[in-house]
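Listed here are the chains, written in short residue letters.
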Amino acid sequence: MGITSRDVARLAGVSQPTVSRALRGDPRVSEDTVRRVRMAAEALNYVPSEAGRSLSTQISHRIGVLVTDLTNPFYPHLVGPLHDELEQLGYRMMLFTERSEATAAAERLVDRSIDGLVLATSTLDSGLPAELDRRRLPFVYLNREGTVPADAVVVDNRRGGELVAEELVKAGHTRIGAIFGPDNTSTGRDREIGFRQGLADAGIALRPAHVRHGPFEFDTGAQALAEFLGADPAPTAVFCGNDVVAIGVIDAARRLGVGIPEQLSVVGFDDIPMASWASFELSTVRHDLDEMARTAARLLVARVSGDDADLHPSGVDGNGSAGQRRVTLEPHFVARRTHAEPPQV
């Protein structure tokens, strides 16, 4: 049989529960006892069993991250800092790549293999948050929000949309197009509201022929541009719901011989690393993806551990109701080379 915690306890001269507490860093165990237990464990080549620890404590020290579209270049830039922050907090990250947030997914998520869940691609019509809430599995919204109250970390999407409208109006554009995200996402909804409001403040309305909705994907931008070019008149500037859509527009414009920004200005949202590449130099709205992910990790771990004395970090504004925290990051417009004054006719 393999070495067990009871063997370590006998060698260290303590009880088996004390071994478990000492090896998981319980502050109630004296430094001398911890030292003796660690020396005994090292001498016996004892490695604690995570499975056994989970059974005894009902805590797995694993946090799940649910992403329904890992092919989107945006999400890998959240997964990295999530992993790093959770590791620093003493938790392992488990990545779930369900194709949708169907309620049935809750059966696979609420099996005591994780202590909490980060929802990174939640939709407004998803039934999963309600099911997680019913089953009392702690979760946090990251980037997007749902209809069930819970901790959330988001950017001020409405203000971001307004910033783009202000920049395009300042450049002199009046024929403006927009490729908004899906109607069932909080990001798509709020960026559209902010952009429309920013244009309305300048006395400009979006023409129906210059508006499209679709997934936050490359193909959405490429297809919409071809349709915009067939409109009479065509827009001189296009706001895209995220950078991936904007890159789709830029790629299609190059294939069709449309000069950017000489003939068409293009602006994105998120400022993913790809946006600053020399081949794109995309004008966009920046928010701190790293801080967004790390804040979500801290919020969830605080919720899981019951340590809710300080659920949001210093320097980040947070507010909420009924004990929930909503941390909102400020957006900033980044001017690169894909937007300029409209072409002279």
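## Some details on the overall build of the protein
Right, on to step 1. Per the secondary structure count, the protein includes 12 helices and 13 strands.
Right, on to step 2. Looking at the protein residue by residue over its 345 residues, the buried ones come to 51%.
Right, on to step 3. Across the protein, contacts joining residues at least 24 apart in sequence account for 69% of those joining residues at least 6 apart.
Right, on to step 4. As displayed, the protein has an accessible area near 16200 Å², and 49% of this comes from carbon and sulfur atoms.

## Things to note about the pairing of strand β8 (residues 237–240)
Within a regular strand, the side chains alternate between the two sheet faces.
Right, on to step 1. Along β8, one buried face is formed by A237 and F239 and the opposite face, lined by V238 and C240, is buried too.
Right, on to step 2. The pairing of strand β6 (residues 176–180) with β8 spans 4 bridges and is classified as parallel. By the bridge assignment, I176 is partnered in β8 with A237.
Right, on to step 3. Relative to strand β9 (residues 265–267), β8 runs parallel, the two being bridged by 3 bridges. Among the inter-strand pairings, V238 is bridged to a residue of β9, identified as V266.
Right, on to step 4. In this fold, β8 hands off to helix α11 (residues 243–256), which returns the chain to β9; that crossover is right-handed.

## What to know about the environment of V301
Right, on to step 1. Its location among the elements puts V301 in helix α12 (residues 289–305).
Right, on to step 2. When its relative accessible area of 9% is taken as the criterion, V301 is described as buried.
Right, on to step 3. Separated by 162 residues in the primary sequence, V301 and F139 place their C-alpha atoms 9.5 Å from one another.
Right, on to step 4. When residues no more than four places from it in sequence are discounted, the contact partners of V301 are L86, L89 and Y91.

## A closer look at the packing of aromatic side chains
Right, on to step 1. Under the criterion given, the structure shown has 6 aromatic pairs.
Right, on to step 2. Ring geometry for F195 versus F239: centroids 4.6 Å apart, planes at 35 degrees, classification tilted. You can see F195 sitting in helix α9 (residues 186–201) and its partner F239 sitting in strand β8, a full 44 residues away along the chain.
Right, on to step 3. Its relative accessible area of 0% is what places F239 among the buried residues.
Right, on to step 4. Aromatic pair W277 and F280: ring centres 6.4 Å apart, planes at 25 degrees, arrangement stacked.
Right, on to step 5. Joined through ring pairs, the aromatic side chains of F180, F195 and F239 make up one cluster.
Right, on to step 6. Residue placement shows R191 over the ring face of F269; its charged tip is 3.7 Å from the ring centre.

## Looking at the confidence of the model for the protein
Right, on to step 1. Confidence in the prediction of the protein, expressed as mean pLDDT, is 88, and 86% of residues score 70 or more.
Right, on to step 2. The low-confidence segment residues 51–57 (pLDDT under 50) makes 8 contacts with residues lying over four places distant or belonging to another chain.
Right, on to step 3. Per-residue pLDDT stays below 50 along residues 309–318; that stretch engages in 19 contacts with residues further than four places along the chain or on separate chains.

## Focus on the nonpolar core
Right, on to step 1. L78, L82, V118, L142, F195 and L206 are the most contacted members of the largest nonpolar core, which has 46 residues in total.
Right, on to step 2. It is α12 that provides the largest number of residues to this core, a total of 8 residues.
Right, on to step 3. Each residue touching L78, except ones within four places of it in the same chain, is listed here: L142, L289, M292 and A293.
Right, on to step 4. Counting 21 residues, the second-largest nonpolar core is a separate cluster that includes A224, I247, V266 and L282.

## Focus: the sheet that holds β8
Where strands meet in a sheet, backbone hydrogen bonds hold them as pairs that are either parallel or antiparallel.
Right, on to step 1. Across the sheet, which stays open at both edges, the 4 strands sit in the order β7-β6-β8-β9 with parallel pairing between neighbours. What marks the edges here is a single partner per strand, and that holds for β7 (211–213) and β9. Along the sheet, successive strands turn relative to each other by an average axial angle of 15 degrees, direction set aside.
Right, on to step 2. Against the sheet, α9 makes contact with β6, β7 and β8, and its axis sits at roughly 165 degrees relative to β6, the strand it touches most.
Right, on to step 3. Packed on one face of the sheet, helix α10 (residues 218–229) meets β6, β7 and β8 and runs near 150 degrees to β6.

## Details of the side chain of T220
Right, on to step 1. Of note, T220 is situated in helix α10.
Right, on to step 2. What makes T220 buried here is its relative accessible area of 13%.
Right, on to step 3. Residue contacts for T220: discarding those within four places in its chain leaves I179, G214, P215 and V245.

## Side note on the packing of helix α8 (residues 157–171) against α9
For any two helices packed against each other, the geometry is given by the interaxial angle and the distance between the axes.
Right, on to step 1. Running from amino to carboxyl end, α8 crosses α9 at an angle of 40 degrees, the nearest separation of the two axes being 7 Å. Where α8 crosses over α9, the handedness of that crossing is right-handed. Taking contact as the criterion, the partners of N157, R158, G161, E162, V164, A165, L168 and V169 in α8 are, on α9, T187, D190, R191, I193, G194, F195, Q197, G198 and L199.

Thresholds, definitions, all that
Here the residue numbers are simple positions, counted from 1 along each chain's written sequence. Since the coordinates come from a predicted model, pLDDT governs what is reported: local features require at least 70, and pairs of side-chain atoms require 80 or more to be given and counted, while whole-chain, interface and lining totals use all residues. Side-chain descriptors were evaluated using all non-hydrogen atoms of the structure, hydrogens and water having been removed beforehand. In DSSP terms, a helix is any run of H or I states spanning at least four residues, a strand is any run of E spanning at least two, and both are numbered starting from the N terminus. Per-residue accessibility, obtained with a 1.4 Å probe over protein chains only, is compared with the maximum for each type, and a residue is labelled buried under 20%, exposed over 50%, and partly exposed between these values. Two residues qualify as a contact provided that any one of their heavy atoms is within 4.5 Å of a heavy atom in the partner residue. To be clear on the numbers: accessible area is Shrake-Rupley with a 1.4 Å probe, and residue cover counts the displayed protein chains and nothing else. By the convention used here, strands pair only if DSSP detects at least 2 bridges between them. For a crossover, the right-handed case is the one in which the path from the first strand over the helix to the second runs clockwise, viewed with the strands pointing away from the viewer. Under the pairing criterion, centres of Phe, Tyr and Trp rings, with the six-membered ring standing for Trp, must be within 6.5 Å; the plane angle then separates stacked pairs below 30 degrees from edge-to-face pairs above 60, leaving the rest tilted. As a reminder, the over-ring test applies to NZ of lysine and CZ of arginine, requiring each to be within 6 Å of the ring centre and within 35 degrees of the ring normal. Per residue, pLDDT captures the predictor's confidence, and it can take any value from 0 to 100. Residues grouped as a nonpolar core are buried Ala, Val, Leu, Ile, Met, Phe, Trp, Tyr and Cys residues, joined through side-chain atoms within 4.5 Å. Lines fitted to C-alpha atoms define the axes, with helix axes restricted to the stretch in contact, and inter-axis angles between N-to-C directions lie between 0 and 180 degrees. The sense of a crossing depends on the near helix, which, turned anticlockwise from the far helix by less than a right angle, makes the crossing left-handed and, turned clockwise, makes it right-handed.

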